[in-house]
2 protein chains.
Amino acid sequence: MTFDAKSLKYDDKGLIPAIAQDHVSGEVLMLAWMNAEAVQKTLDTGKVTYWSRSRQSFWIKGESSGNVQKLVDFRYDCDRDCILVKVDQTGPACHTNRRSCFYTAVRDGETIELMQPET
Amino acid sequence: MTFDAKSLKYDDKGLIPAIAQDHVSGEVLMLAWMNAEAVQKTLDTGKVTYWSRSRQSFWIKGESSGNVQKLVDFRYDCDRDCILVKVDQTGPACHTNRRSCFYTAVRDGETIELMQPET
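Residues numbered from 1 in each chain as written. Chains lettered and ligands numbered in written order. Predicted model: local features only at pLDDT ≥ 70, side-chain atom pairs only at ≥ 80, totals over all residues. Heavy atoms only, no water.

- Chain A carries the name Phosphoribosyl-AMP cyclohydrolase in an unreviewed UniProt entry, which gives Pacificibacter maritimus as its organism.
- Checking UniProt for chain A, the heading Function (unreviewed entry) contains the comment "Catalyzes the hydrolysis of the adenine ring of phosphoribosyl-AMP."
- Under the UniProt heading Subcellular location (unreviewed entry), the entry covering chain A gives this text: "Cytoplasm". (UniProt positions renumbered as here; feature names shortened; annotations may be inferred.)

Laid out in structure tokens, this is it:
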């Protein structure tokens, strides 16, 4: 069936969460948000494109930092209200220069930092 | 540092997205939502507990279906506005009886079903 970006379910701000996962290691790199146009741009260009809620503008991941996400596979969930993009990630995905944004764990009630920024 | 569930960033409905990932295979199983109390229950009990937006109640994953998620590791992201739980998933995670909710891909503009329900 032909995919229509508008057929996904967006929240009251017109956004849908998108999880980015390293297509080789399976590591979950980050979660950001897309609107229908960002979904279409991601599929059309192969460059993962989010909607920046803080800047209220399209955000082609890595466009300024060089840490691009090349789309490898685009998936959505049973409720059509969440996206999973499998990506080929150049460099760190996180703005803190860590590979993944999920570098803090809670263990036995304490927070632990699992990753250091890349140099 | 001692972790305080209230220190995470919740949206205007008091919710935060939580990604569940198989702790062995790395497969992304589902995304659901937690409030601060669900976060605390998850950490206290080791049973991953969401907030059901449709039922407006706590949802101990698998409590009725038996497809429980045992917490293996609890992580949050750099912006403190998304959670990643690594889980030991019994049975399928998806209510459609598939292992993962992300069973539909978009390839060359067409939707493709990647997984069948488990029998």
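**Describing the pairing of strand E3 (residues 49–52) of chain B**
Residue and element names in this part refer to chain B.
Okay, step 1: A two-sided burial pattern is seen for E3, the buried positions comprising Thr 49 and Trp 51 on one face and Tyr 50 and Ser 52 on the other.
Okay, step 2: The pairing of E3 with strand E4 (residues 57–60) spans four bridges and is classified as antiparallel. Of the residues in E4, the one forming a bridge with Ser 52 is Ser 57.
Okay, step 3: The hairpin formed by E3 and E4 contains four residues between the paired strands, and Gln 56 there has a positive phi angle of roughly 50 degrees. (Buried < 20%, exposed > 50% of the residue type's maximum accessible area, 1.4 Å probe, protein only. Helix = DSSP H or I, 4+ residues; strand = E, 2+ residues; numbered from the N terminus. Pairing = 2+ DSSP bridges.)

**Quick notes on the sheet that holds strand E8 (residues 110–113) of chain B**
Okay, step 1: An order of E2(A)-E1(A)-E6(A)-E5(A)-E7(B)-E8(B) is seen for the six strands of this open sheet, with the pairing classed as mixed. Pairing within the sheet leaves two strands with one partner each, and these edge strands are strand E2 (28–34) of chain A together with E8 of chain B. Along the sheet, successive strands turn relative to each other by an average axial angle of 35 degrees, direction set aside.
Okay, step 2: Taken together, the five bridges between strand E1 (residues 16–22) of chain A and strand E6 (residues 83–89) of chain A define a ladder with parallel strand orientation. Within the sheet, the bridge partner assigned to Gln 21 of chain A lies in E6 of chain A and is Lys 86 of chain A. (Axes fitted to C-alpha atoms, helices over the stretch in contact; angles between N-to-C directions.)

**A short note on the pattern of salt bridges**
Okay, step 1: In this structure the tally under the stated criterion is 14 salt bridges over all chains.
Okay, step 2: Note that Arg 107 of chain B is salt-bridged to Asp 73 of chain A, the shortest N-O span being 2.7 Å. With Arg 107 of chain B in strand E7 (residues 104–107) and Asp 73 of chain A in strand E5 (residues 69–76), this residue pair bridges two chains.
Okay, step 3: For Arg 107 of chain B, a relative accessible area of 33% puts it in the partly exposed group.
Okay, step 4: We note a salt bridge from Glu 113 of chain A to Arg 98 of chain A, for which the minimum N-O separation is 2.5 Å. With Glu 113 of chain A in strand E8 (residues 110–113) and Arg 98 of chain A in the loop between E6 and strand E7 (104–107), this pair connects stretches of sequence that are 15 residues apart.
Okay, step 5: On the basis of relative accessibility, which here comes to 44%, the residue Glu 113 of chain A falls in the partly exposed class.
Okay, step 6: In this structure Arg 98 of chain A comes out as buried when scored by relative accessible area, which is 9%.
Okay, step 7: Look at the salt bridges and you will find they share partners, linking Asp 12 and Lys 13 of chain A together with Asp 12 and Lys 13 of chain B into a network. (Salt bridge = Lys/Arg side-chain N within 4 Å of Asp/Glu carboxyl O.)

**Quick word on the pairing of E5 of chain A**
Okay, step 1: Most of E5 of chain A sits inside the fold, with six of its eight residues counted as buried.
Okay, step 2: Across seven bridges, the pairing between E5 of chain A and E6 of chain A is antiparallel. Bridge assignment links Arg 75 of chain A to a residue of E6 of chain A, and that residue is Leu 84 of chain A.
Okay, step 3: With antiparallel pairing between neighbouring strands as the criterion, E5 of chain A and E6 of chain A make up a hairpin whose turn holds six residues, including Arg 80 of chain A at a positive phi of roughly 60 degrees.
Okay, step 4: The sheet contact formed by E5 of chain A and E7 of chain B spans three bridges and is antiparallel. Across the sheet, residue Arg 75 of chain A finds its bridge partner in E7 of chain B, namely Ala 105 of chain B.

**Some thoughts on the relation of the copies chain A and chain B**
Okay, step 1: Of the transformation placing chain A onto chain B, the axial shift is 0.0 Å and the rotation is 180 degrees, giving an RMSD of 0.0 Å. One copy is carried onto the other by what is essentially a two-fold rotation axis. Among all C-alpha atoms of chain A, that of Gly 26 of chain A lies closest to the rotation axis, at 2.6 Å.
Okay, step 2: A high fraction, 100%, of the interface residues of chain A reappear at the interface in chain B, so the copies pair face to face through one surface. (Least-squares fit on C-alpha atoms with pLDDT ≥ 70 in both. Contact = heavy atoms within 4.5 Å.)

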